[in-house]
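Residue-level structure breakdown
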Amino acid sequence: MTKAVRLYAQVLVDVLTAPHSKNSLDSVTRELTEFAKLTTESPMMLKVFDNPVLADDEKQKALKTFSQKLDISQLSEKFISMLIKRNRLGILEDVLKEVEVIQMEKSGGLMGELVSATPLDAATVAGITQAVSKKMNKPVRLKEKLDPSLIAGLRVTVGGKTY
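Below: a short report on this structure. Sequence order as written defines residue numbering, which begins from 1 separately in each chain. pLDDT decides what is reported in this predicted model: residues at 70 or higher carry local features, side-chain atom pairs at 80 or more are listed and counted, and totals for whole chains, interfaces and linings draw on all residues regardless. In computing side-chain values, all of the structure's heavy atoms are included and hydrogens and water are not.

Digging into the overall build of the protein chain
Each helix corresponds to a stretch of at least 4 residues labelled H or I by DSSP, and each strand to a stretch of at least 2 residues labelled E; elements are numbered beginning at the N terminus. A tally of regular secondary structure across the protein chain gives seven helices and four strands. Counting helices and strands in the order they occur from the N terminus, the protein chain gives α-α-α-α-α-α-β-α-β-β-β. Only heavy atoms matter for contacts: two residues are in contact if any of them lie within 4.5 Å across the pair. The contacts of the protein chain with a sequence gap of at least 6 include a subset with a gap of at least 24, amounting to 68%. Every accessible area reported is derived by Shrake-Rupley at a probe size of 1.4 Å, with residue values counting cover from the shown protein chains alone. Carbon and sulfur atoms make up 56% of the accessible area of the protein chain, which totals about 10100 Å². Separation of charge centres in the protein chain, based on 24 positive and 20 negative side chains, amounts to 5 Å. In this count, Lys and Arg are taken as positive residues and Asp and Glu as negative ones, while His and the chain termini are left out. Note on charges: their place is set at NZ of Lys, CZ of Arg, CG of Asp or CD of Glu.

Topic: the sheet that holds strand β1 (residues 110-116)
The strands making up a sheet associate through backbone hydrogen bonding, with each pair oriented either parallel or antiparallel. Criterion used throughout: strands pair if DSSP finds at least two bridges between them. Strand order in the open sheet formed by four strands is β2-β1-β3-β4, and the pairing between neighbours is mixed. Among the strands making up the open sheet, the edge pair consists of β2 (140-146) and β4 (161-162). As paired elements, β1 and strand β3 (residues 154-158) share five bridges and run antiparallel to each other. Its bridge partner being in β3, Val115 is matched across the sheet by Arg155. On top of the sheet, helix α7 (residues 122-136) reaches β1, β2 and β3; it is set at about 135 degrees to β2, its chief contact. Axis lines are fitted to C-alpha atoms, over the contacting stretch for helices. Their N-to-C directions set the angle, which ranges from 0 to 180 degrees.

Here we look at the pairing of β1
In terms of residue burial, β1 counts as a mostly covered element, since five of its seven residues are buried. Two strands pair when backbone bridges link them, and β1 and β2 are joined in this way by seven bridges, in the parallel orientation. Considered in β2, the bridge of Gly112 is made with Leu142. A right-handed crossover is one whose linking path, passing over the helix from the first strand to the second, runs clockwise when the strands point away from the viewer. Handedness of the β-α-β unit built from β1, α7 and β2 comes out right-handed. Only protein chains enter the area calculation, which uses a 1.4 Å probe; residues under 20% of their type maximum are buried, those over 50% are exposed, and those in between are partly exposed.

Quick look at the pattern of salt bridges
For side chains bearing opposite charge, pairing can occur when the charged atoms are close. The rule for a salt bridge is simple: a side-chain nitrogen of Lys or Arg has to be within 4 Å of a carboxyl oxygen of Asp or Glu. Evaluation of the coordinates by the stated rule reveals nine salt bridges. Note that Glu77 and Lys64 form a salt bridge whose closest N and O atoms lie 3.4 Å from each other. One end of the pair, Glu77, is in helix α5 (residues 74-85); the other, Lys64, is in helix α4 (residues 56-70), and 13 residues separate them in sequence. Owing to a relative accessible area of 15%, Glu77 belongs among the buried residues under this scheme. Residue Lys64 is classed as partly exposed on the basis of its relative accessible area of 41%. A salt bridge links Arg155 to Asp147, with the shortest nitrogen-to-oxygen separation between them at 3.9 Å. Judged by relative accessible area, Arg155 falls into the partly exposed class, the value being 30%. Residue Asp147 is classed as partly exposed on the basis of its relative accessible area of 21%. Connected via shared salt-bridge partners are Arg6, Glu98 and Glu105.

In structure tokens, the structure reads:
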């Protein structure tokens, strides 16, 4: 994670959790996730917004079109617009991941990663999460990842420690 990712995520959380905010953090992160998914599924879209030859007003028109089709809030559109203007749209997914981390930290918990060679069923993941939470004496949320190169077992990383 870069400092920029953490900064953008923190600003987003602060703005959306302020008492006067008209938008909820959940709804905006959902909208931004949908937009990020589109840029991932359509790399050409990301190239358009990152194209240095294309004028900024053309990029903003394209964003307006996408925003209307996706029916996203003005705040989400402004956030995406800011990333586009600063040539940082490529970090949107990382910003959204960091928003999750910040939310968990605010609630006194920790984010972690659970890596396995094969997919795990929900009961197994819940059991591992519960065991790690008990060991850490804090609520823990584990993101699951698959790594077929693991020969056996699992790898759980929480708070910078791997178990």
